[in-house]
Amino acid sequence: ARMSLFLRTEVTINMSKLETTNYESAIQSIENPTHLVIFRANPLPGVGFMEINPRLALTVASSILGGKGQAPKSDRYLTRIETDLIEEFLFIVLQGWCKQWQFDQHLEPAIVGHEVVGSVLQICDAEAAMLCLTMESEIRGCAGRIQLAVPLFTIEPMVRHLQSKRDEETGTGKMQRRSTWRNRFASIPIEAVASLRLGTMTVGELQAVKPGDVIPMSENCLESAILKLAGIPVFSGEIGIEKDRKALCIREKIIQSS
């Protein structure tokens, strides 16, 4: 609707394909001749490209100048003046694409460049995954293709946001798996290790240590022992003597950060 108001004529757009592919395949699918727009969707990372059929672009340029908007008989590259003429129209297309995403931040498109040959584009690695949207548009009897392609890492923040919103609506985000104890777990042997903090040593001091050396311990090292089960710190405690036997007195449980 916005494009129709801008050109003061009917503009139809139908999605013909939505797919994921790698960057190299996306570049190879670009028509020749064509017109390419490199854009960003701030504040998202990365850049994408939009391809528009040159006959369709020239019809837009003619309409903006007040002409009948008749399509040229053959495809050709756009001149610099024609590129400047259609930039506002292309910006409207990008704004429409950005508004389709229900993101917690406002997406603002920005056109950062134009090209006429796809092989010169170097916006990501050849094997980078791309989301490609292909649309068929018709303006004043001229039909042509408009294609939007963005790297998947660009839309990843929006996909995560949409997934979290869906989890909130369905309640799956609040569901927690209940842990069930099975009796056969009780017989699994695990190694228990009590360790002491000796303080700090320099790399040079550590390299000089050899068998038979005596390393002094701090006065309170026995009070800061750590009990590890299967290599995981579980309890802190104090090492001492209990009925003539060396023992570890557990003081508190160690809370593991997530």
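Structure first, text after, so check above.
These numbers were taken from a predicted model, which means no experiment stands behind them.

**Q** So what's going on with the overall build of the protein? Which residues, and what values?
**A** When helices and strands are tallied, the protein shows 6 helices and 10 strands. For 258 residues, the compact-globule formula gives about 18 Å, and the C-alpha radius of gyration of the protein, at 32 Å, lies well above that figure. For the protein, the spread of C-alpha atoms along the principal axes amounts to about 105 × 50 × 30 Å. Among the 258 residues that make up the protein, the fraction classed as buried is 33%. Total accessible area on the protein stands at roughly 17,300 Å², and carbon and sulfur atoms take up 52% of it. Taking the 28 positively charged and 30 negatively charged side chains of the protein as two groups, their mean positions are separated by 6 Å.

**Q** So what's going on with a nonpolar patch on the surface? Residues and values would help.
**A** On the surface, a cluster of nonpolar side chains totalling about 670 Å² of accessible area is made up of Leu196, Leu198, Met201, Leu206, Val209, Ile215, Met217 and Leu222. Along the chain, Leu198 turns up in the loop between β7 (192-195) and α6 (203-208).

**Q** Outline the nonpolar core, supporting the account with residue identities and numerical values.
**A** In this structure, Met50, Phe89, Leu90, Trp97 and Leu148 are the most contacted members of the largest nonpolar core, which totals 37 residues. In terms of residue count, helix α4 (residues 80-99) provides more of this core than any other element does, 8 residues in total. Residues Leu121, Cys124, Met130 and Cys132 belong to the second largest nonpolar core, which totals 15 residues.

**Q** For α4, give the residues involved together with the corresponding values.
**A** Taking 1.5 Å of rise per residue, 20 residues should cover 28 Å, and α4 covers 29 Å from first to last C-alpha, within 8% of that figure. At Glu87, α4 shows its maximal kink, close to 40°. Within α4, the full set of buried residues consists of Glu82, Thr83, Ile86, Phe89, Leu90, Ile92, Val93, Leu94, Gln95, Trp97 and Cys98.

**Q** Before we move on, could you go through the pairing of strand β6 (residues 142-151) and cite the residues and values that matter?
**A** The buried fraction of β6 is high, at 9 of 10 residues. Examined bridge by bridge, strand β3 (residues 48-52) and β6 share 4 bridges and lie antiparallel to one another. Looking across to β6, one finds that Ile52 is bridged to Ile146. As paired strands, strand β5 (residues 129-139) and β6 are joined by 10 bridges and run antiparallel to one another.

**Q** How would you explain the pattern of salt bridges if you had to name every residue and give the values?
**A** Within this structure, the stated rule accounts for 8 salt bridges. In this structure, the salt-bridge partner of Lys17 is Glu19, at a minimum N-O distance of 3.8 Å. For Asp84, the salt bridge is made with Arg80, and the minimal N-O distance between the two is 3.8 Å. With a gap of 4 residues between them, Asp84 and Arg80 both fall in helix α4, about one helical turn apart. Judged by relative accessible area, which is 61%, Arg80 ranks as exposed. A network of salt bridges, in which partner residues are shared, links Glu31, Glu51 and Arg145.

Parameters and conventions
Residues numbered from 1 in each chain as written. Predicted model: local features only at pLDDT ≥ 70, side-chain atom pairs only at ≥ 80, totals over all residues. Heavy atoms only, no water. Helix = DSSP H or I, 4+ residues; strand = E, 2+ residues; numbered from the N terminus. Rg over C-alpha atoms; globule rule 2.2 N^0.38 Å. Buried < 20%, exposed > 50% of the residue type's maximum accessible area, 1.4 Å probe, protein only. Areas by Shrake-Rupley, 256 points an atom, 1.4 Å probe, with all protein chains shown as cover. Lys, Arg positive; Asp, Glu negative; His and termini not counted. Charge placed at Lys NZ, Arg CZ, Asp CG, Glu CD. Patch = residues over 30% accessible without salt bridge, like charges linked within 9 Å, V, L, I, M, F, W, Y side chains within 5 Å. Salt bridge = Lys/Arg side-chain N within 4 Å of Asp/Glu carboxyl O. Core = buried A, V, L, I, M, F, W, Y, C linked by side-chain atoms within 4.5 Å. Expected span 1.5 Å × (residues − 1). Bend = angle between axes of the 7 residues up to and from the residue. Pairing = 2+ DSSP bridges.

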